[in-house]
Amino acid sequence: MLTLSSIIETFQLKFKTSATPYLFQAPGRVNLIGEHTDYNDGFVLPTAIDRHVLVAALPRPDNSVNIYASNFDRWDRFEISPTVDHLLENTWANYIRGMSWSLLGNGHRLRGMDMTVTGNIPIGAGLSSSAAIEIAVGFAFLQVSGVEINRRLLALAAQKAENEFVGMRCGIMDQFISCLGQKDHALLIDCRELSYQRLPLPAHAAVIIVDSGVYRGLTDMAYNTRRNECETAAAHFGVKALRDVTVEQFQAQHHALLPVVARRARHVITENHRTLAAAAALKKSDVSTFGQLMTDSHRSLKEDFEVSCPELDLLVDIALNTDGVYGARLTGAGFGGCIVALADHNASQPFIRAINKHYPHKSGKTAPIYICKASQGVSPVEVLDP
Ligand code: GLA
């Protein structure tokens, strides 16, 4: 059980101190619609969730960083430096090393820190636990070093750490929403402009996340391949990114593309369209249209972008066969991980029962279920009662 007092106690025990550390939280995310569009300069519609990474930290008088990761019971130690090493083991530590490297590269003077990192975002489930580590730790570095925080720049620094230090060519969505998420809202993010609109989630609907329990090791490689295919398609249309291609242009000019590249492009181009339509539906609290667009998105991810798997398809089918579920789709990069469904509050329990009845029996796996609340982005955590 994650309580603030247990986090403080762990810090004091591990660093043999009676001082009270500063606490910071950064949330994971679930993307409601707009998948594989962020690195095509397109639109995404995620919400930050009530699952977090928590960092307890105190500055040090030198350049050393000492980290205890409670979830793994592992340590890492390094010096803040532009030439900090990348690790082959303890790979969680690369997110933290990468953040110090990236912030330093932005010209910030960082102080050394003692810190503990802990969290309750399922790891590897596609709910952005790694972005949450980057953002929580980056925020902690800047706060204890007395640097004024610009949340967009923090998100970009985290993306750079992940692209260039960790080696995953992710887009900006996960880091952006972990920085700028808003309680009770989803954000429609324009990934080219880095601008966003807050859209209230309808009070009568629940956002339900179901974890397929499938974690594929090859996700990063397949993800980078998809990115390359999208870049090939953009070059064919003579544009900077697929964001700049309309559905009509695609229909007129896709014939010269390799079929596989054409399918990838069709997903991205139609997904941008769906995401803007979903945002318009949300503004009117039109959950039926929103749900239908989610379901269409899943089909496109399955057939055109080919990032689904039988377990995710099964979960989506169970969702769509439950009365009161408006729509469902895989969320995140795909190849496993989670689905997200939008359901009437009254449908939540029947949906959970349907999952528990059909999923283990048909897939041989159990599926953890989270009914999530849209949460605030990264912030200091007030300790009222240490
Ligand atoms: C991962 C990446 C994001 C985004 C999604 C797919 O979560 O980190 O940048 O590309 O996949 O939409």
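Residues numbered from 1 in each chain as written. Predicted model: local features only at pLDDT ≥ 70, side-chain atom pairs only at ≥ 80, totals over all residues. Heavy atoms only, no water.

Quick look at the nonpolar core now. Within the largest apolar cluster, 81 residues are counted, with the highest numbers of intra-cluster contacts made by Leu45, Val55, Ile96, Met115, Phe141 and Phe290. A per-element tally of this core places helix H3 (residues 129-144) first, with 10 residues. Inspection of this core shows a minimum of three residues originating in each of domain 1 (4-198) and domain 2 (202-372). Every residue in contact with methionine 115, bar those within four places of it in the chain, is listed here: Phe11, Phe15, Val55, Ala56, Ala57, Val65, Asn66, Ile67, Tyr68, Ile96, Val137 and Phe141. Tyr39, Ala234, Val261 and Ala343 belong to the second largest nonpolar core, which has 44 residues in total. (Core = buried A, V, L, I, M, F, W, Y, C linked by side-chain atoms within 4.5 Å. Buried < 20%, exposed > 50% of the residue type's maximum accessible area, 1.4 Å probe, protein only. Helix = DSSP H or I, 4+ residues; strand = E, 2+ residues; numbered from the N terminus. Domains from an automatic or database assignment. Contact = heavy atoms within 4.5 Å.)

Quick look at helix H5 (residues 173-180) now. Most of H5 is tucked away: 8 of the 8 residues are buried. Along H5, the residues that are buried comprise Met173, Asp174, Gln175, Phe176, Ile177, Ser178, Cys179 and Leu180.

This part takes up the site of the ligand. Taken together, Arg29, Glu35, His36, Asp38, Tyr39, Cys170, Gly171, Met173, Asp174, Tyr223, Gly332 and Ala333 make up the full set of residues near the ligand. A distance of 2.5 Å is found between an oxygen atom of the ligand and a side-chain nitrogen or oxygen belonging to aspartate 38. For the shell around the ligand, the residue count by class is 5 nonpolar, 3 polar and 4 charged. (Near = heavy atom within 4 Å. Polar contact = N/O pair within 3.5 Å; in protein donor to acceptor, adjacent residues only side chain to side chain. Nonpolar A, V, L, I, M, F, W, Y, C, P; charged D, E, K, R; others polar.)

Split by domain assignment, the protein resolves into domain 1 (4-198) and domain 2 (202-372). With centres defined by C-alpha atoms, the gap from domain 1 to domain 2 works out at 26 Å. Listed by partner, the interface residues are 36 residues for domain 1 and 45 residues for domain 2. Together, the buried faces of domain 1 and domain 2 total about 3,300 Å²; carbon and sulfur atoms form 60% of this surface. (Buried area = accessible area lost by both parts, 1.4 Å probe.)

As a further point, take the packing of helix H9 (residues 287-303) against helix H10 (residues 310-320). Two numbers describe how H9 lies on H10: the axes approach to 12 Å, and their chain directions differ by 160°. Taken as axis vectors, H9 and H10 run roughly antiparallel relative to one another. Regarding H9 and H10, the two cross each other, and that crossing is left-handed. For the pair H9 and H10, the contacting residues are Thr295, His298 and Lys302 in the first and Leu312, Asp313, Val316 and Leu320 in the second. Here the contact of H9 with H10 is built from residues that sort into 3 nonpolar, 2 polar and 2 charged. (Axes fitted to C-alpha atoms, helices over the stretch in contact; angles between N-to-C directions. Parallel < 35°, antiparallel > 145°, perpendicular 65-115°, else oblique. Left-handed = near helix turned anticlockwise from the far one by under 90°.)

With respect to the helices and strands, glutamate 311 occurs in helix H10. Taking relative accessible area as the criterion, glutamate 311 reaches 15% and is therefore assigned buried. The residues contacting glutamate 311, other than those within four sequence positions of it, are Ser212, Val214, Tyr359, Ser363 and Lys365.

The 3 strands are arranged E2-E7-E8 in an open sheet whose pairing can be described as antiparallel. Edge positions in the sheet fall to strand E2 (43-44) and strand E8 (195-200), since each of these pairs with one other strand and no more. Taken together, the 2 bridges between E2 and strand E7 (residues 185-190) define a ladder with antiparallel strand orientation. Bridging from a neighbouring strand, phenylalanine 43 pairs with aspartate 190 of E7. Along the sheet face, helix H8 (residues 259-283) touches E2, E7 and E8 and points at about 45° away from the line of E8. (Pairing = 2+ DSSP bridges.)

By the definition in use, this model includes 9 aromatic pairs. Pairing phenylalanine 15 with tryptophan 75 gives two aromatic rings, centres 5.5 Å apart and planes at 80°, and the pair type is edge-to-face. With a gap of 60 residues between them, phenylalanine 15 in the loop between helix H1 (4-14) and strand E1 (22-31) and tryptophan 75 in strand E5 (residues 74-79) connect regions that are remote in the sequence. Owing to a relative accessible area of 15%, phenylalanine 15 belongs among the buried residues under this scheme. With centroids separated by 5.7 Å and ring planes inclined at 45°, the aromatic side chains of tryptophan 101 and phenylalanine 165 adopt a geometry described as tilted. Note that tryptophan 101 is positioned in helix H2 (residues 92-105) and phenylalanine 165 in helix H4 (residues 151-166), a separation of 64 residues in sequence. Relative accessible area serves as the criterion here: at 9%, phenylalanine 165 is assigned to the buried category. Linked through ring pairs, Phe11, Phe15, Tyr68 and Trp75 together constitute an aromatic cluster. When the ring centre of tyrosine 68 is taken as origin, the NZ or CZ atom of lysine 14, which lies over that ring, is 4.4 Å away. The lysine or arginine in question, lysine 160, covers the ring of tryptophan 101, its NZ or CZ lying 5.4 Å from the ring centre. (Phe/Tyr/Trp six-rings, centres within 6.5 Å; stacked < 30°, edge-to-face > 60°. Lys NZ or Arg CZ within 6 Å of the ring centre and 35° of its normal.)

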